[in-house]
Amino acid sequence: MITTLDNKYAFVGLVGSSLVQICIDSQTIIKDYGEIHGDIIRSMAVTTDSNVLITYGDDMRVKKFSIESQEVVKDFPLKYGYYQTIMLAPGDDSLFVYDENCGLKLIDLAD
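First things first, this report covers the structure right here in the doc. What you are looking at is a predicted structure, and each value in this text was computed from that prediction instead of being measured.

The nonpolar side chains of a soluble globular protein tend to be buried, and buried together. If you look at the biggest cluster of nonpolar residues, it comprises 13 residues, and the most contacted ones within it are Ile54, Val62, Leu78, Ile86 and Leu95. Secondary structure elements with two or more residues in this core: β6 (52–57), β9 (83–88) and β10 (94–99). Contacts of Ile54, omitting those with residues within four sequence positions, involve Ser43, Met44, Ala45, Val62, Lys63, Lys64, Ile86, Leu88, Leu95 and Leu109.

Here it is as structure tokens:
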């Protein structure tokens, strides 16, 4: 689970690879994205402006969602390893990924 920095929404990964968006004020589900990955959602991150959600799943894919339009804007594979967690780097243009061998990589989200 992760919340937007403006505390408007919570994103919750459910059994399998399903994702729901919850309005924190009304405590209601406002969007059920269904299964978004081929396997469990491993990690999530939200940009500092609360406009983009990034997910990483055990299917080794990263997905960028526009929080406003509630749609996938980018979907790409991560190569060369199995990653445990993701975290946005300062500026929200890059993604730190931490792998199973304690390796840290920096991925450019613009490419």
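With that out of the way, let us pick up the sheet that holds strand β4 (residues 28–35). Pairing is antiparallel in the open sheet, where 4 strands are placed in the order β1-β2-β3-β4. Because the sheet does not close on itself, it has two edges, and the strands there are β1 (2–3) and β4. The sheet contact formed by strand β3 (residues 18–23) and β4 spans 6 bridges and is antiparallel. Across the sheet, the residue bridging to Cys23 is Thr28, located in β4.

Further remarks concern the environment of Ala110. By secondary structure assignment, the location of Ala110 is in the segment after β11 (104–108). The class for Ala110 is exposed, based on a relative accessible area of 63%. It is 6.6 Å that separates the C-alpha atoms of Ala110 and Asp93, two residues lying 17 residues apart in sequence. In this structure Ala110 touches Lys74 and Asp93, once residues within four positions along its chain are discounted.

Further remarks concern the side chain of Ser66. Considering the arrangement of structural elements, one finds Ser66 in strand β7 (residues 61–66). Given a relative accessible area of 16%, Ser66 falls into the buried group. With residues near it in sequence (within four places) discarded, Ser66 still touches Asn51, Glu71 and Val73.

Summed over the entire model, instances satisfying the criterion amount to 2 aromatic pairs. Centre to centre, the rings of Tyr33 and Phe65 are 5.3 Å apart; their planes meet at 75 degrees, and the pair counts as edge-to-face. Here the residue Tyr33 occupies a position in strand β4, and Phe65 occupies one in strand β7, the gap between them amounting to 32 residues. Of the two residues, Tyr33 and Phe65, neither departs from the other in class, the shared state being buried. With a centroid separation of 6.1 Å and an interplanar angle of 75 degrees, the aromatic rings of Tyr56 and Tyr83 are classed as edge-to-face.

The subject of this paragraph is the sheet that holds β6. The antiparallel open sheet is built from 4 strands, whose spatial order is β5-β6-β7-β8. For this open sheet the edge positions go to β5 (41–46) and β8 (71–77), each flanked by a neighbour on one side alone. Between one strand axis and the next, the sheet turns by 20 degrees as a mean value, whatever way the strands run. The sheet contact formed by β5 and β6 spans 5 bridges and is antiparallel. The residue of β6 that forms the bridge with Ala45 is Ile54.

Quick notes on the rules
Residues numbered from 1 in each chain as written. Predicted model: local features only at pLDDT ≥ 70, side-chain atom pairs only at ≥ 80, totals over all residues. Heavy atoms only, no water. Core = buried A, V, L, I, M, F, W, Y, C linked by side-chain atoms within 4.5 Å. Buried < 20%, exposed > 50% of the residue type's maximum accessible area, 1.4 Å probe, protein only. Helix = DSSP H or I, 4+ residues; strand = E, 2+ residues; numbered from the N terminus. Contact = heavy atoms within 4.5 Å. Pairing = 2+ DSSP bridges. Phe/Tyr/Trp six-rings, centres within 6.5 Å; stacked < 30°, edge-to-face > 60°. Axes fitted to C-alpha atoms, helices over the stretch in contact; angles between N-to-C directions.

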